[in-house]
Amino acid sequence: MTPCKVSHCCHDDCCDDDCCKRRRLYRVIFAWILAFIILILLIILIIWLVLRPTKPKFYLQDASVSAFNVSSPDNLLSSTIQVTISTRNPNDRVGIYYDRVDVFASYKYQQITPATSVPPFYQGHNDIDLWSPYLCGVSVPVAPYLVESLSQDQSSGFLLVHVKIDGRIRWKVGSWISGHYHLFVTCPTFLSFQTGKGVDDPPVIKLQQISTCSVDV
């Protein structure tokens, strides 16, 4: 029997030129597939770096307090606050879908009003939108130490409340729409108590200044 001639390009288990050609073909195909995958990943990375979305900007423009009453010893808080919030999309090529937006007020990390929902909407490139939801809490139970703190703040004439936004957004680039991202916004609200015009008039509560909100996405 004539022994098998092994070509110099083949391994020990390869005994003919067809085997070597198949191995070369497999290597070439694998190399092209790997190069194609790397190219796609590189393109995705470049597009993301160019179009990387910037977080939306939020500003508390105004806050109008028509009721803010603490009852003791029941430790219940009733409040009615209308806030005006502006939001701006700073992106030139990226739109934002606001699928869920809930706004509520908190005092010293305790929520003092139920969440008010803002209708879903789409925000285009560099667009500015304005919301004016009412935040109403009726007989909301609060911790005893918060009642004492609220009374002290009212006596001093100044009160710090945080208006917070909890929501879900999606990014839109061309026809591509991302998955959902969690949106959380905190707006410090500095309120001042001013005496009413008449003796029996309740104090007037006003916003001290426009505030910039912190945004986490």
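Since the structure is predicted, the reported quantities are computational estimates derived from the model, not experimental observations.

### So, the packing of aromatic side chains
In total, this model carries six aromatic pairs according to the counting rule given. For the pair F58 and W131, a centre-to-centre distance of 5.8 Å together with 65 degrees between the ring planes defines the contact as edge-to-face. Here W131 lies in strand β7 (residues 128-131) and F58 lies in strand β1 (residues 57-71), a separation of 73 residues in the sequence. Residue classification places F58 among the buried positions, given a relative accessible area of 1%. Stacked on the ring of Y97, the Lys or Arg R170 has its end atom at 5.0 Å from the ring centre.

### Details of the pattern of salt bridges
If you walk through the whole model with that rule in mind, you get three salt bridges. The closest approach of N and O atoms between R170 and D99, which form a salt bridge, is 2.6 Å. With R170 in strand β9 (residues 158-173) and D99 in strand β3 (residues 95-107), this pair connects stretches of sequence that are 71 residues apart. The class for R170 is partly exposed, based on a relative accessible area of 22%. In this structure D99 comes out as partly exposed when scored by relative accessible area, which is 27%. Notably, a salt bridge pairs R100 with D166, separated by 3.0 Å at the nearest N-O pair. Taken together, the residues span a long stretch of sequence, with R100 in strand β3 and D166 in strand β9 at a distance of 66 residues.

### Focus: helix α2 (residues 144-156)
Along its 13 residues, α2 runs 19 Å from first to last C-alpha, staying within 8% of the 18 Å computed at 1.5 Å per residue. Considered for burial, the residues of α2 that qualify are L146, V147, S149, L150 and D153. The buried residues of α2 all sit within an arc of 165 degrees when viewed along its axis, so they share a single face. Those residues of α2 that are exposed and angled more than 90 degrees off the buried face are P144, Y145, E148 and S155. Downstream of α2 by a residue or two, G157 has a phi angle that is positive, lying close to 95 degrees.

Cut-offs used in this document
- Residues numbered from 1 in each chain as written.
- Predicted model: local features only at pLDDT ≥ 70, side-chain atom pairs only at ≥ 80, totals over all residues.
- Heavy atoms only, no water.
- Phe/Tyr/Trp six-rings, centres within 6.5 Å; stacked < 30°, edge-to-face > 60°.
- Helix = DSSP H or I, 4+ residues; strand = E, 2+ residues; numbered from the N terminus.
- Buried < 20%, exposed > 50% of the residue type's maximum accessible area, 1.4 Å probe, protein only.
- Lys NZ or Arg CZ within 6 Å of the ring centre and 35° of its normal.
- Salt bridge = Lys/Arg side-chain N within 4 Å of Asp/Glu carboxyl O.
- Expected span 1.5 Å × (residues − 1).
- Arc of directions from axis to C-beta.

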